[in-house]
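What follows is each chain in one-letter form.
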Amino acid sequence: MISEWGRSRQFFERSQRSLAGGVSSPFRRNLAETLFFQDGSGAEIQDIDGNWYTDYVLAWGPLILGHKHPAIVEALRKAVEAPHNYGAQHELEFVVAELICSLIPCAERVALTSSGSEAVQLAMRLARAHTHRNLLVKFEGHYHGWMDSALLSYHASGTEIGPAQKPNVVLGSRGQVPNAADNIIVLPWNDLQAASAVFAERGDEIAGIITEPVLCNSGCLMPAEGFLPGLRRLADQHGALLIFDEVITGFRIATGGAQSVFNVIPDIATFGKAIGGGLPLSVVAGRKEILELIVDGGVVFGGTFNGNPISLAAAHATIAELIRDKGRTLGEAVKSGERLMNGLREAANRRGVPLEVTGFGTAFSVHFTERSSLGNYRDTLGDERMVLRSWLRECLKEGLYLLPDGRMYTSVVHTDEQISRTLEAFDRALARCLAGATAQ
Ligand SMILES: Cc1ncc(COP(=O)(O)O)c(C=O)c1O
């Protein structure tokens, strides 16, 4: 069992003396230990105390091919020996764009950006420009990046959230301009009635609906039967656009994204994380007449690093690997993740622990909850977070590196053996939690 994190703790102390908060993204402060890493290979990652973990964080999603995948390493080796950035056009831009257009149902044109947050900004701007309207509908618990216009009602507390019939629009950060909330209507997810009521009242003011097609950022909740098609219908009836934020589902649930799995085609979709295989790349994809508003239609965006050859080389290698054998590799990764989900449910069942596992094979979440059905963010507010915390700590000691909210990402390189060992470790961690052996 792992119990030695002395060097990580020393590094963290030192880091806090120069780097704000000691981490490069505040979300990383919430893990069971603030670890520093020095190596990784396949599905394994090593901290600076020399401990190896099976990695289910995967850089918060991007590493769909794991660490140092030979195809990415080779592509990057070539890319670093060529100029790193032209700030101008080069072949790989349209080669990758063509690949995306061939795979993603809504993609007639794409635009390249660097982070998911930026891609969402462009998608929202395009929707507003196309419809000549300002209002966007977003859902509670969905994360669309940290910008003022998007960080609303992400993880509002039970006291902030307001009534389900008319949720409050809750700012996500100090320093955020309060009037960002004026352009957003917030609704509970998976509630088509609530969405229909809002459209009946204000449909002609609404530019679009933005949603994660699977609610990955609040417990990997799946869309209810008919919900996404219902949103599609509402948008069509009222001249609004449907935006899928596929920053997590893209190139993780299927090579065609969630839109291909649920067979609902949005007008615009955003991609990030897995598409770059670990390098910074994001994409806005969508209908031609909407995306063509860029440049000729007066929609402005920019980005010094947009289309940079290094990120595109990694994306090209990642996508090529994922579509090999008609997407068999990703399909198998989804199946082996499902094995993990089922094994965990069985272990909890055997031990009489109330637990729900939600999501799909390559992105799912563990909820310690008495509820048997979780449909939206409000349903997750009753999760036993203290139990989750102690289980996560026990898992860390077992050599499992997991996200702080109980989410787990798997990759195409997690082996059957690693999955089996993980299930045994989960069970031991569960047993120790039950025995109250959660000493820090
Ligand atoms: C669904 C979704 N959209 C947007 C973002 C923002 O992406 P980035 O962190 O690359 O800015 C994230 C990040 O987690 C996300 O999960």
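Everything quoted here is computed from the prediction, not taken from an experiment.

1. So, the site of the ligand
- In the neighbourhood of the ligand, the contacting residues comprise Ser 115, Gly 116, Ser 117, Tyr 143, His 144, Gly 145, Glu 212, Asn 217, Asp 245, Val 247, Ile 248 and Lys 273.
- Backbone polar atom of Tyr 143 to a nitrogen atom of the ligand: 3.3 Å apart, as the coordinates give it.
- Asn 217 is positioned such that a nitrogen or oxygen atom in its side chain is 2.9 Å from an oxygen atom of the ligand.
- In isolation the ligand exposes 390 Å². Once the protein is present, 83% of that is buried.
- Split into classes, the residues belonging to the shell around the ligand amount to three nonpolar, six polar and three charged.

2. Notes on the pairing of strand E5 (residues 135-139)
- Across the five residues that make up E5, a large majority, five, are buried.
- Here E5 shows two buried faces, one formed by Leu 135, Val 137 and Phe 139 and the other by Leu 136 and Lys 138.
- In this sheet, strand E7 (residues 206-211) lies alongside E5 in parallel orientation, the contact comprising three bridges. Paired with Leu 135 across the strands is Ile 206, a residue of E7.
- As paired elements, E5 and strand E6 (residues 184-187) share four bridges and run parallel to each other. Residue pairing across strands places Leu 136 opposite Ile 184, the latter belonging to E6.

3. Description of the sheet that holds E6
- In spatial order, the strands read E4-E10-E9-E8-E7-E5-E6; together these seven strands make up an open sheet with mixed pairing. Of all strands in the sheet, those bounded by a partner on one side alone are strand E4 (109-113) and E6. Going from strand to strand, the sheet's axes swing by 20 degrees on average, the running direction of each strand aside.
- Helix H3 (residues 91-103) contacts E4 and strand E10 (282-286) of the sheet and is inclined by roughly 125 degrees relative to E4.

About the thresholds
Residues numbered from 1 in each chain as written. Predicted model: local features only at pLDDT ≥ 70, side-chain atom pairs only at ≥ 80, totals over all residues. Heavy atoms only, no water. Near = heavy atom within 4 Å. Polar contact = N/O pair within 3.5 Å; in protein donor to acceptor, adjacent residues only side chain to side chain. Areas by Shrake-Rupley, 256 points an atom, 1.4 Å probe, with all protein chains shown as cover. Nonpolar A, V, L, I, M, F, W, Y, C, P; charged D, E, K, R; others polar. Buried < 20%, exposed > 50% of the residue type's maximum accessible area, 1.4 Å probe, protein only. Helix = DSSP H or I, 4+ residues; strand = E, 2+ residues; numbered from the N terminus. Pairing = 2+ DSSP bridges. Axes fitted to C-alpha atoms, helices over the stretch in contact; angles between N-to-C directions. Contact = heavy atoms within 4.5 Å.

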